[in-house]
Structures are given as structure tokens and as C-alpha cells.
Amino acid sequence: MPPPIITLTTDFGTADSFVGTMKGVILSIAPDAQIVDLTHDIPPQDVQAGAFAVASAYPYFPAGTIHVIVVDPGVGTQRLPIAVATGSTTFVCPDNGLLSRALDQTGARVGGVPFAMARTALPDTWHAVHLTNADYWHQPLSTTFHGRDIFAPVAAHLASGSPIESMGVRITNLVAFAVPQPTSVSGTSIGQVLHVDRFGNLTTNLRSSDLPQGQLEIHVGGKAIAGLSETYQDGGDLIALIGSGGTLEIAVRNGDASRALDSTVGAEVHVISRS
Amino acid sequence: MPPPIITLTTDFGTADSFVGTMKGVILSIAPDAQIVDLTHDIPPQDVQAGAFAVASAYPYFPAGTIHVIVVDPGVGTQRLPIAVATGSTTFVCPDNGLLSRALDQTGARVGGVPFAMARTALPDTWHAVHLTNADYWHQPLSTTFHGRDIFAPVAAHLASGSPIESMGVRITNLVAFAVPQPTSVSGTSIGQVLHVDRFGNLTTNLRSSDLPQGQLEIHVGGKAIAGLSETYQDGGDLIALIGSGGTLEIAVRNGDASRALDSTVGAEVHVISRS
Amino acid sequence: MPPPIITLTTDFGTADSFVGTMKGVILSIAPDAQIVDLTHDIPPQDVQAGAFAVASAYPYFPAGTIHVIVVDPGVGTQRLPIAVATGSTTFVCPDNGLLSRALDQTGARVGGVPFAMARTALPDTWHAVHLTNADYWHQPLSTTFHGRDIFAPVAAHLASGSPIESMGVRITNLVAFAVPQPTSVSGTSIGQVLHVDRFGNLTTNLRSSDLPQGQLEIHVGGKAIAGLSETYQDGGDLIALIGSGGTLEIAVRNGDASRALDSTVGAEVHVISRS
């Protein structure tokens, strides 16, 4: 049987020993675990960036993978520590919106103002528990490092075969933020920049199916782009293409679109049809 | 049997291939090793930061773990390459003070001026060797990369079951620096900032048992903080709490205490009782 | 049998989830793989830096290791995705010069202007294929992330025992850049800086055998250095020594030679004999 996979996504950075400490706790319980770092460079306390990173990567892991996410400004407060099994994947994290995008991908919708938090009912296929059984925790429990004391050991016990039901009390809704959805007004598709990657490429929430028909013109950061390119080397300096996540992406050939357009997460992107 | 764990702590950064090279050497000797990065972002040649990182993390790893530490400004000089077995843990590193804090945690005390280096007798339970047996090294031996040529292969041979006794000559003292200890003057507890983490939180050396009784007032960086908080969200903007390592920590809610107080490693922290 | 080793070298950084996604794809196919990060901090689209990193590290890995390299400005264009088996090592990468230094180490020479690209015949012992068999790819194939869709899954299938022959069409030459070679003019050895490491040390291409006999004087960045040191602590502030890769290296004791000399990759280094 292949070793169980546990991924880690945090805002801890890699200069301190926080991540190493979590790995020590995991390996003390599940010595065969295959631990994979998704990223530890989520900006401090940026729950939305954490939600984006996890939702982008988790579908590429094999069934049975356990994803630990620790972006936890409310550590030690009343926010719940949770584990959520979706059928093929298990998430272990604080209940603070980190699963909003994963939830959104299932079709669940949180109403209200974009990025506002609300309690959201879970899909029937998801099984969530409020982690309350301290038998599965590292002792003594701190009030400031639940990554070490709750999330890492719970993930390791899950990897070792302990059932999620034993770890706490079932809950049927999660805290989630309203993920902004593309809209269409008079034939113009309007979306938002979700993420700026290392290269300065702007990832948006506009899927191919959200775009108008015909010859497209893309407006972002005060600039207009004519048509979609196939690759980063195709077209002019400033280009738009369908990125690897299946959504519209804005890039600068061998350059940094975020800097060139002075645009970042939240910026609006308009797509019109010229034909 | 679970795979042997080897952790790596260096000042090599992650942009060069130094760390990858060490892993190649380890896996060539111990192909089943589970290699864990503690951190490679120790500031260049900062032995004290290396000592802090390892002492913070190693107690959370399972018995038998081997910790390789390479912060080695004196590489190729007369400083000794060593391996030190404590009973449950083995360290492999240069003898330049990197084990000072791990040693301090055992109750061993280095006299003299804080951070001054001195030879320090080992606890009876520690078994240390000066690594002299070149059969366990990577050849040819360089004068500038003992991480690759001595420390990585020695750790891998230890992980594969070779006894520490075979690797060199026993020594009974180490180079260590005097770890600053909290003091108490007229009811005021005086400690030092040991570390600034990614969030700008200031970790001190004041344990709960070092603090006065009653209603506390904490003075640091020219500011006063009334009382201890339970969590990072509790109290005012500038807070003090007992951190995950069991010592007093100074934080700014959703902010950076190091920047707010213009304070860093070595800054004094005074705690007085108002009642 | 030990787990197959797959190393990853990219310019993806570690803040995004690109690398984590590639690991998910690999572990979905080869769940026992031991994945090792060489570095993900290659400067964006810097093929030469990628070629240097891989050539420096790969000889230290055990036979059978598979090295995935993704520095791929031409992703989705006509540049070929390739796999190259050298007998002991397999590389999986775009055909854009990334193997130039590994190739140079075999004695193959690319003519022409340094760093200019040319098609170069492979050594007889190397077996290269243009990856054309989509059965081994992740579907749907994107035009912008072949790290996820081609290179990671091909490496995982190779690690699982699928033969390289089945993955595409054999090719007999690669795109490579002309690696600058040291020269000797009137007894002066002339080399180039190949790399600046984390400490600011300048690695050159001058091997011991390239240097003149007698008492040496090294000229770089407008400064002269008398003689070779043995270690970083030996000699004056600015020193020259034979580094861990076997070539001349310029360093500043406990400092940063690149900054002190205002010199970086490409700078010329002259070595003369004073005796």
C-alpha cells in the first residue's frame, strides 16, 4: 500500500522552524507519511490566498490525500478547528473560510457581498467535524500554534487510519466567503483577478464558457488586448489566454503583467465581442 | 520499520543547488531516508539563529531522528566536524556553538558573557565524537562544502545503522556560547528577545515560572503592555502572551511587533508586578 | 527496492501552488516516488541558470534518478518536450538549452558565440526522445503548464518502469548553448563567472588544471588577489580558492564578493603567474 499523503499549506514561511515542527509531530504519529509542501508563503493571515492555493492544487492529488491548511489569524479563539472529508479528499484546517473556493467548485454558493463571510450549508457528500477530541492532539495544547497541536496530529491520525467520526462532533455548515462570480452585462463579460503568480501573470475567474462569442477584446488596467493567444510567446507584448486552470489569464511576454498594468487581486477584467 | 528521518538545517538558502546536492549524497547511501527540511534560511553564518531553530524543533521529532545542521563559517579550518548522540536524538554538525541551546535545555550551563564561546562539558548521557573516519565521507573532500562531503554522508551512514563509535574519536566537551538567562532584580523579571518570527512576533527567554506574581506590566521597546493575553486576537493592538514554546512572546494583532517596536534579537524585556 | 527518486528544478518559486500540483500529478502515478526539490528559485525564464543548477547537482544523485527541469519560456510553442537517458540518469525537460552544461560535462562542444543556441549532436551513450505519446500525459493538455501536463507525468511513468522508448520519437541532437570555455593568452588564464551563490561567492569555470604554474595573482572586478586560500577564513578579506565544484571561486571572508566587486555572472577573471 502506498504511503499516505499529507500536504501542508501555511502562512508560516520557511525561515522559522514552525513547518519543521509540524512535520516532526506528523512523523511521530505516522512515520510512513509522504509529506508534501504545497506552499508556506501564503501572505500572513491571508485566508483568501490560502483558499485559492488549496483549491488550485488539491484536485491533482490522488484520492485519500489529506490537506492541512493553517492560515489562522484567530488561533486560540472561538473559531472551530475542523476536518472535512469530501469523499476523495480530507481537509484539516480552521473554520475561517479556507475551504470557500473548494466549496465553490462543488457548486455550493455563498450569497452576499463578495468576500463577506457567512455560514454555508455543506454538500451532502461532505462530512465535516468540529475537532473536539483532545486524545488526537499534541499536549500540552498551546493557544497560538494549533498547526502543531491540533491540525498536524489530527492529519497524522487520519493518515494512520483513525476514522474522522472519532475526532469530534459532526457539523453541517462551514464559514465561507462569497466567491465573486463572473457576470455578463449587455454582452460584456465581467470578471475579477483572483491571483497574481510568480511571473506576474493575472489569473481571473472567467472560464471559456463565460466569454462572449466572436472576436474578443479584453480590457484590464486601462489597456485593451485584441483576441486570445495560444501561448505566452504568441501575439503582442500584452496578451490574454486561457491558462492552465481553465480561466482567462493576462500575461506579458517574458515580463510581468501585474507590474505593467499596475493591477492585482480584485482588479476587474471586461471582455467584449467586436464582431 | 519506518524509514529513518534526517532533518536538514542550513544557511544555504534554496536558490542554489547546495541542499539538493546534500540530498543526493544522502539518498545515495540511505535510499529509504525520509529527509525533512527544517529551514535553509538561517541568515548566512548566523550560528546563534541556527542554534535557536534546531533547539525549537528537534524535541518534536520521533526518537532516532538525525539532525544535520550546517551553519559553518569555519568550514575547512580547525573547527571539528562532530556527531552527538543524546540518547534519543543525534546531531551532526560543526563544533561551533550550534548545539548551545540544545545543551542549555538539558540544564548544562556555559559561564561568562552571554554569547561568548567556551568549551563546555557534556552531560553524561551525551555521546560525542570528532568525525575523523574518512571512510564515511564523500571523496574527494573539499575544504568549502563539508555539508556535502562530511555531514550528509555521516548522517546517512548513521541512518543506515553504522554506529557513531566507528565514525571518530570520542570527545567530552563542545564549543558552546553562554545562553543568556532571565534574571530578577527587585521583583522585576528581565529577559531577552531570542528570535523574531515571520509574523514579527518577538520570542523571549522568559518562561511562565520566571515571571512575577500578580498583575503584570511588560516593558519592551519603550512601550508598556498591561497584562497577558490568551490569544493573538485578545487585548489591545500590542499584546504579550505565553507563546507555543512556553515563553513570553510580544505580538501586534494582525501586525508586526518587531517593526512596531523597532526591536529585534537581543532586546531587553522587563516584566514588573503592579499588584 | 528503494523508491525511485524524482528531482524537480523550476523557475516557479514556492509561493504559488504550481510545484505542489506537479507533485500531486507525480504521486497519482508513482505513489512511492521520493520527490526531491533541487530548487524552484531559478530566475524566471533563465535557462542558463537552470542549466547550471542541474549540472551542479545531478552527479551526486544515485543511478536511476530522474531529473525534471521546467524553465520553459516557450511552453506551448514548437520547442520540443524531451526525455534524455544518459545511462545513469534521465532528464525530462523542454529542449531549450537546459541540458547544455550537463552535455558540456560529457565533453560535447557547442561551437560559436558563448551562450548562442545551436543544435548539437548527442554522445552515443545518450538516448533522447521527443515526447509525443500523449498516453503518458495529463489530460486535458494545457498550452501553458507542461510541467504539470507532460514533464511530471512522464517522469512518474518512467519512475514506474515504463520504457523511455515508448514515450516518443528518438532524436539525435539537442538545442544547446555554447558554454564559455576558459582560454589562455600569453600565460594568462581567462575565465568567466558562472554563478553567484547565496553568500555572494563567485563561481568560475577555471579548473585547477586551467591555471598557470607558480605564484598566482587573480584579477577580477578591478581588484587583484595574491595567491589561493585553502578556506574561507584563510588570507585577507578578498580571497580566491578552489571551490567545492573543483573550479576557482572568489569570496569575501564573512561577506559578499559579488557586492564587494560589483561583479556577477559573465564577469571575466584573469589569472597570471608572478613567478
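Before reading further, recall that the structure is shown in the block above.
Quick summary incoming for the structure in this document. (Residues numbered from 1 in each chain as written. Chains lettered and ligands numbered in written order. Predicted model: local features only at pLDDT ≥ 70, side-chain atom pairs only at ≥ 80, totals over all residues. Heavy atoms only, no water.)

## A closer look at the overall build of chain A
Item 1. Within chain A one finds five helices and 17 strands.
Item 2. Relative to its length of 275 residues, chain A is compact, with a C-alpha radius of gyration of 20 Å against a globular reference of 19 Å.
Item 3. Each principal axis of the C-alpha atoms in chain A carries an extent, and together these give about 65 × 35 × 35 Å.
Item 4. Sorting the 275 residues of chain A into buried and exposed places 59% on the buried side.
Item 5. If you take every contact in chain A between residues at least 6 apart in sequence, the share linking residues at least 24 apart comes to 67%.
Item 6. If you sum the accessible surface of chain A, you get close to 10,400 Å²; carbon and sulfur atoms cover 51% of it.
Item 7. Where the 13 positive side-chain charges of chain A centre and where its 23 negative ones centre are 3 Å apart. (Helix = DSSP H or I, 4+ residues; strand = E, 2+ residues; numbered from the N terminus. Rg over C-alpha atoms; globule rule 2.2 N^0.38 Å. Buried < 20%, exposed > 50% of the residue type's maximum accessible area, 1.4 Å probe, protein only. Contact = heavy atoms within 4.5 Å. Areas by Shrake-Rupley, 256 points an atom, 1.4 Å probe, with all protein chains shown as cover. Lys, Arg positive; Asp, Glu negative; His and termini not counted. Charge placed at Lys NZ, Arg CZ, Asp CG, Glu CD.)

## Digging into the sheet that holds strand β1 (residues 5-10) of chain A
Item 1. Pairing is mixed in the open sheet, where seven strands are placed in the order β2-β1-β3-β5-β4-β7-β8 (chain A). Here the strands that pair on one side only, and so sit at the sheet edges, are β2 (34-39) and β8 (168-171) of chain A. Neighbouring strand axes in the sheet, compared pairwise and without regard to direction, differ in orientation by 25° on average.
Item 2. As paired strands, strand β7 (residues 127-131) of chain A and β8 of chain A are joined by four bridges and run antiparallel to one another. Paired with Leu131 of chain A across the strands is Gly168 of chain A, a residue of β8 of chain A.
Item 3. Contacting β1 and β2 of chain A, helix α1 (residues 18-29) of chain C crosses the sheet at an angle of about 150° to β2 of chain A. (Pairing = 2+ DSSP bridges. Axes fitted to C-alpha atoms, helices over the stretch in contact; angles between N-to-C directions.)

## Here's the deal with the interface of chain C and chain B
Item 1. Counting residues at the interface gives 29 residues for chain C, matched by 34 residues for chain B.
Item 2. When chain C packs against chain B, the two sides together hide about 2,500 Å² of surface, and 55% of this comes from carbon and sulfur.
Item 3. Considering only the side of chain C, the residues that lose the most area to chain B are Tyr60, Arg198 and Phe199 of chain C, jointly responsible for 28% of the buried surface there.
Item 4. For the pair chain C and chain B, the number of links is zero salt bridges.
Item 5. For the pair chain C and chain B, the interface holds 15 residue pairs in polar contact (both at pLDDT 80 or more).
Item 6. Those elements that place two or more of their residues in the side of chain C that touches chain B are β2 (34-39), α2 (47-57), β11 (188-196) and β15 (238-242) of chain C.
Item 7. Sort the elements by how many residues they give to the side of chain C that touches chain B and β2 of chain C lands first, with five residues. (Buried area = accessible area lost by both parts, 1.4 Å probe. Salt bridge = Lys/Arg side-chain N within 4 Å of Asp/Glu carboxyl O. Polar contact = N/O pair within 3.5 Å; in protein donor to acceptor, adjacent residues only side chain to side chain.)

## Examining the relation of the copies chain C and chain B
Put simply, the second copy of the chain is the first one after a rotation about an axis and a shift along it.
Item 1. Of the transformation superimposing chain C on chain B, the axial component is 0.0 Å and the angular component is 120°, with the fit at an RMSD of 0.0 Å. Between the two chains, the operation in question is that of a three-fold axis. Closest to the rotation axis within chain C is the C-alpha of Gln34 of chain C, separated from it by 5.0 Å.
Item 2. The overlap is low: 3% of the interface residues of chain C also sit at the interface in chain B, so different surfaces are used on the two sides. (Least-squares fit on C-alpha atoms with pLDDT ≥ 70 in both.)

## A look at the relation of the copies chain C and chain A
Item 1. When chain C is brought onto chain A, the operation consists of a screw motion whose angular component is 120° and whose axial shift is 0.0 Å, with 0.0 Å RMSD remaining.
Item 2. Interface overlap between copies is the fraction of interface residues in one copy that are interface residues in the other; for chain C against chain A it is only 3%, indicating separate surfaces.

## Remarks on the pairing of strand β14 (residues 223-226) of chain A
Residue and element names in this part refer to chain A.
Item 1. Bridge count for strand β13 (residues 216-220) against β14 is four bridges, and the pairing is antiparallel. Within the sheet, the bridge partner assigned to Ile218 lies in β14 and is Ile225.
Item 2. Counting the residues between successive antiparallel strands, the hairpin from β13 to β14 contains two residues, one of them, Gly221, with a positive phi of roughly 55°.

## Thoughts on empty space enclosed by the protein
Item 1. Applying the stated criterion across every chain yields a total of one cavity of 30 Å³ or more.
Item 2. Quantified by volume, the largest cavity comes out at close to 310 Å³.
Item 3. Lining the largest cavity we find 15 residues, and of these Ile35 of chain A, Ile35 and Asp37 of chain B together with Ile35 and Asp37 of chain C sit closest to its centre.
Item 4. Where the lining of the largest cavity is concerned, the elements lending two or more residues are β2 of chain A, β2 (34-39) of chain B together with β2 of chain C.
Item 5. Of the residues assigned to the lining of the largest cavity, the class counts are six nonpolar, three polar and six charged. (1 Å grid on protein atoms, 1.4 Å probe; cavity = no way out; pocket = protein on both sides within 12 Å on 5 of 7 lines; lining within 4 Å. Points joined across faces, edges and corners; volume = space filled by probe spheres on them. Nonpolar A, V, L, I, M, F, W, Y, C, P; charged D, E, K, R; others polar.)

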